Amino acid sequence: MKTALLLFSVLSLSADAALAQSVSPQALPVAPEIAAPKDAPFRGTIALQVDATDTVRHIFRVHETIPVSGPGPTMLLYPRWIPGNHAPTGRIDQVAGLSIRAGGKPLEWSRDPVDVYAFRVNVPAGVGTLDLDFQIVTPTDGDQGRVVMTSDMLNLEWNAVALYPAGYFARQIMVEPGVKLPEGWQFGTALDTASSK
């Protein structure tokens, strides 16, 4: 009797183990690697327009137009390493509401399964540019991080409001930035100013 009970217990445990193995998590296919940056000029200029008028909710609204070289998979990155920092401190957690369009039609995008700073989008044939719209939701209180926008001032860091194509050194990507400030505000910048309206 003891032998039969022991055999039944062993078989039960074996069946449970087999069932557990059949429903255990399965590995996903490995995602293609992100292209290593090269020291070559990016073809075209990224147009980056920032609406900084929402000082009540501390939100930057961004419209970005990124040239693409043809159809197929494209990787966009949010800056991870910020000048003057000694760690990967880019605030990817502040990016919200990302929408990517081509020719006025929405495109599906996905986060890279490994790198949270990377966004994958498949560019259709005949498309020369991607139009991105998103928000940067900045801290409203010092407990949430450094406050960069109030009703009296704002500190716009261009690296915090841009996505860029993978495969290039950042210094090789030309950007034409523009900002809309609250009514009556003035600005100071180290960049050359093309116009002020």
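To keep things clear, this report deals only with the structure shown in the data block. (Residues numbered from 1 in each chain as written. Predicted model: local features only at pLDDT ≥ 70, side-chain atom pairs only at ≥ 80, totals over all residues. Heavy atoms only, no water.)

**Some points on the sheet that holds strand 4 (residues 95–102)**
Short version of the rule: The rule for pairing is simple: two strands pair if DSSP sees at least two bridges between them. Only DSSP runs of H or I covering at least 4 residues are called helices, and only runs of E covering at least 2 are called strands; the numbering of each starts at the N terminus. To obtain an axis, a line is fitted to C-alpha atoms, over the contacting stretch when the element is a helix, and the angle between two such axes runs from 0 to 180 degrees between their N-to-C directions.
Ordered by their spatial adjacency, six strands build an open sheet running 5-4-8-2-1-10, and the pairing between neighbours is mixed. Every interior strand has two partners, whereas the edge strands, strand 5 (105–107) and strand 10 (174–180), have only one. Neighbour-to-neighbour, the strand axes of this sheet turn through a mean angle of 25°, independent of strand direction. In this sheet, strand 10 lies alongside strand 1 (residues 45–54) in parallel orientation, the contact comprising seven bridges. When the bridges of strand 10 are listed, Ala47 appears paired with Glu176.

**Thoughts on the pattern of salt bridges**
Put simply, the test is: By definition here, a salt bridge exists when the distance from a side-chain nitrogen of Lys or Arg to a carboxyl oxygen of Asp or Glu is within 4 Å. We call a residue buried when its accessible area falls under 20% of the maximum for its residue type, exposed when it is over 50%, and partly exposed in between, using a 1.4 Å probe and counting protein chains only.
Applying the stated criterion across every chain yields a total of seven salt bridges. Among the ionic pairs, Arg171 bridges to Asp39, the shortest N-O distance being 2.9 Å. Of the two residues, Arg171 is situated in the loop between strand 9 (164–165) and strand 10 and Asp39 in the loop between helix 1 (2–22) and strand 1; the sequence distance between them amounts to 132 residues. When its relative accessible area of 43% is taken as the criterion, Asp39 is described as partly exposed. When the shortest N-O distance is used, the salt bridge between Asp93 and Arg91 registers 2.7 Å. The class of Asp93 is exposed, set by a relative accessible area of 52%. Connected via shared salt-bridge partners are Asp54, Arg57 and Arg61.

**Considerations on the packing of aromatic side chains**
Our working rule: Side-chain rings of Phe, Tyr and Trp, where Trp is taken by its six-membered ring, are said to pair if the distance between their centres is within 6.5 Å; with planes under 30 degrees apart they count as stacked, over 60 as edge-to-face, and otherwise as tilted. The criterion for a charge sitting over a ring is simple: Lys NZ or Arg CZ within 6 Å of the ring centre, and within 35 degrees of the ring normal.
Counted by the stated rule, this structure contains two aromatic pairs. Pairing Trp109 with Phe119 gives two aromatic rings, centres 5.6 Å apart and planes at 65°, and the pair type is edge-to-face. One end of the pair, Trp109, is in strand 6 (residues 109–111); the other, Phe119, is in strand 7 (residues 118–123), and 10 residues separate them in sequence. Residue classification places Phe119 among the buried residues on the basis of a relative accessible area of 3%. Above the face of the Tyr168 ring, Lys38 is positioned so that its terminal group lies 5.0 Å from the ring centre.

**Remarks on the layout of surface pockets**
Put simply, the test is: Only protein atoms enter the 1 Å grid used here, on which a cavity is any set of points holding a 1.4 Å probe that cannot leave and a pocket is any open set flanked by protein within 12 Å on both sides along at least five of seven lines; residues with an atom within 4 Å of a point are listed as lining. Grid points are joined across faces, edges and corners, and a volume is the space filled by probe spheres set on the points. Each residue gets one of three labels, nonpolar for Ala, Val, Leu, Ile, Met, Phe, Trp, Tyr, Cys and Pro, charged for Asp, Glu, Lys and Arg, and polar for the others, Gly among them.
When its volume is computed, the largest pocket comes out at roughly 1000 Å³. Every residue lining the largest pocket is counted, 27 residues in all, and those nearest its centre are Gly178, Val179, Leu181, Phe187 and Ser195. Where the lining of the largest pocket is concerned, the elements lending two or more residues are strand 1 and strand 10. Taken together, the residues of the lining of the largest pocket sort by class into 11 nonpolar, 11 polar and five charged. Put simply, the second largest pocket is a space of about 790 Å³. Listed by contribution, the elements that provide at least two residues to the lining of the second largest pocket are strand 1 and strand 10.

From the geometry alone we can't say anything about function, so treat these as descriptive.
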